[in-house]
Amino acid sequence: MISLALSKGRILDETLPLLEAAGVVASENPDTSRKLIIATSRPDVRLIIVRATDVPTYVQYGAADLGVVGGDVLAEFDGSGLYQPLDLKIARCRLMVAVRRGFDYEQAVRSGARLRVATKYLQTAREHFAAKGVHVDLIKLYGSMELAPLTGLADAIVDLVSTGNTLKANNLVAVEEIAAVSSRLVVNQAAYKLKRAAIQPLLDRLKKAVR
Ligand code: ATP
Ligand code: PRP
């Protein structure tokens, strides 16, 4: 049996067509089902539905053999034992620094001011500002980062931007790109060795589907 960990929402929506192209069809719609383990058209492949940030943990411990996870989440994950063979090129967006319209970010950076930055990406943000030599106080949030500069909680945020609609609707502007983000396939290293005969053909078909 091969278990593939997926998160609901956009990763699931964009992964299901890839899986179908690779010959794996979910037996029911995971977005509407309350089931957390979903069978597929392949008796040896099942889907495990977890929170986006939990995918690397399931795969690290081998509770799932494979997983689909955003590069943003992977960059924050400090575990080991994950093999990353394939960029699925889905859920594409950019990790950016954004501020309230009218806030002079460049000037704040130039003047050496200490910035308060709200984000759920503490590790990535810490590395980014350290590399730039900018002093920051990082404030951990779990969602709706856009609210932080509007309420005075922070001067800036580090968050994902795709269409830019959320920033625009909240009178914020992106001032710096940190990284391009897409979702990757991750594989438990031990499973890749032990179940290679089953995993490799699936990997090859997914590779083809991505192309
Ligand atoms: P959780 O439910 O664990 O809090 P989440 O709400 O962040 O996670 P999603 O919004 O489904 O989960 O995001 C999952 C992944 O999709 C992110 O890790 C990121 O890689 C990608 N993603 C998030 N927002 C966007 C976006 N606006 N456009 C494209 N991809 C995105
Ligand atoms: C993500 C991210 C931004 C938004 C950016 O949010 O945290 O808030 O998407 O996308 P945009 O540039 O296209 O507006 P999240 O996934 O929590 O919300 P969503 O699913 O409603 O987009």
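This write-up is about the structure you can find in this document. (Residues numbered from 1 in each chain as written. Chains lettered and ligands numbered in written order. Predicted model: local features only at pLDDT ≥ 70, side-chain atom pairs only at ≥ 80, totals over all residues. Heavy atoms only, no water.)

1. Examining the pattern of salt bridges
Okay, step 1: Throughout the structure, instances matching the rule amount to six salt bridges.
Okay, step 2: Close ionic contact of Arg42 with Asp44 constitutes a salt bridge, the shortest N to O distance being 3.0 Å.
Okay, step 3: The closest approach of N and O atoms between Glu177 and Arg94, which form a salt bridge, is 3.5 Å. Of this pair, Glu177 sits in strand E9 (residues 172-188) while Arg94 sits in strand E5 (residues 82-100), placing them 83 residues apart in sequence. (Salt bridge = Lys/Arg side-chain N within 4 Å of Asp/Glu carboxyl O. Helix = DSSP H or I, 4+ residues; strand = E, 2+ residues; numbered from the N terminus.)

2. Focus: the pairing of E9
Okay, step 1: Inspection of the sheet shows strand E4 (residues 66-70) paired to E9 by five bridges, in the antiparallel sense. The partner of Gly70 across the bridge, within E9, is Ser183.
Okay, step 2: Relative to E9, E5 is paired through 13 bridges, and the arrangement is antiparallel. The residue of E9 that forms the bridge with Val99 is Val173. (Pairing = 2+ DSSP bridges.)

3. Section: the site of ligand 2
Okay, step 1: In the region of ligand 2, the neighbouring residues are Arg10, Glu146, Asp159, Leu160, Val161, Ser162, Thr163, Gly164, Asn165 and Thr166.
Okay, step 2: Between an oxygen atom of ligand 2 and a side-chain N or O atom of Glu146, the distance comes to 2.7 Å.
Okay, step 3: Between an oxygen atom of ligand 2 and a side-chain N or O atom of Asp159, the distance comes to 3.1 Å.
Okay, step 4: For ligand 2, whose free accessible area comes to 500 Å², the fraction covered by protein is 57%.
Okay, step 5: Of all the cavities here, the one that holds ligand 2 is the largest pocket.
Okay, step 6: With three residues, strand E8 (residues 156-161) is the single largest residue contributor to the shell around ligand 2.
Okay, step 7: Class assignment for the residues of the shell around ligand 2 results in two nonpolar, five polar and three charged. (Near = heavy atom within 4 Å. Polar contact = N/O pair within 3.5 Å; in protein donor to acceptor, adjacent residues only side chain to side chain. Areas by Shrake-Rupley, 256 points an atom, 1.4 Å probe, with all protein chains shown as cover. 1 Å grid on protein atoms, 1.4 Å probe; cavity = no way out; pocket = protein on both sides within 12 Å on 5 of 7 lines; lining within 4 Å. Sits in = over half its atoms within 2 Å of the grid points. Nonpolar A, V, L, I, M, F, W, Y, C, P; charged D, E, K, R; others polar.)

4. Focus: the site of ligand 1
Okay, step 1: Close to ligand 1 lie 16 residues; Arg10, Arg51, Asp72, Lys120 and Ser162 are nearest.
Okay, step 2: In this structure, a nitrogen atom belonging to ligand 1 sits 2.9 Å away from a side-chain N or O atom of Arg10.
Okay, step 3: Contact between ligand 1 and Arg51: an oxygen atom at 2.9 Å from a side-chain N or O atom of the residue.
Okay, step 4: Protein chains shield 76% of the accessible area of ligand 1, which is 620 Å² for the free molecule.
Okay, step 5: Of all the cavities here, the one that holds ligand 1 is the largest pocket.
Okay, step 6: The set of elements that each furnish at least two residues to the shell around ligand 1 consists of helix H1 (10-21), helix H3 (71-76) and E5.

5. A few points about the packing of aromatic side chains
Okay, step 1: The tally for this structure, following the rule as stated, stands at one aromatic pair.
Okay, step 2: An angle of 40 degrees between the planes, with centres 4.7 Å apart, marks the rings of Tyr83 and Tyr192 as tilted. One end of the pair, Tyr83, is in strand E5; the other, Tyr192, is in helix H8 (residues 189-194), with 109 residues separating them in the sequence.
Okay, step 3: The ring of Tyr142 carries Lys140 above its face, with NZ or CZ at 4.9 Å from the centroid. (Phe/Tyr/Trp six-rings, centres within 6.5 Å; stacked < 30°, edge-to-face > 60°. Lys NZ or Arg CZ within 6 Å of the ring centre and 35° of its normal.)

6. Comments concerning unusual backbone geometry
Okay, step 1: For Ala91, which is not glycine, the phi dihedral falls at a positive 50 degrees.
Okay, step 2: With respect to the secondary-structure elements, Ala91 resides in strand E5.
Okay, step 3: A positive phi angle, near 45 degrees, is found at Ser144, a position not held by glycine.
Okay, step 4: Mapped onto the secondary structure, Ser144 falls in the loop between strand E7 (136-140) and helix H6 (147-151).
Okay, step 5: The exposure class assigned to Ser144 is exposed, which follows from its relative accessible area of 55%. (Buried < 20%, exposed > 50% of the residue type's maximum accessible area, 1.4 Å probe, protein only.)

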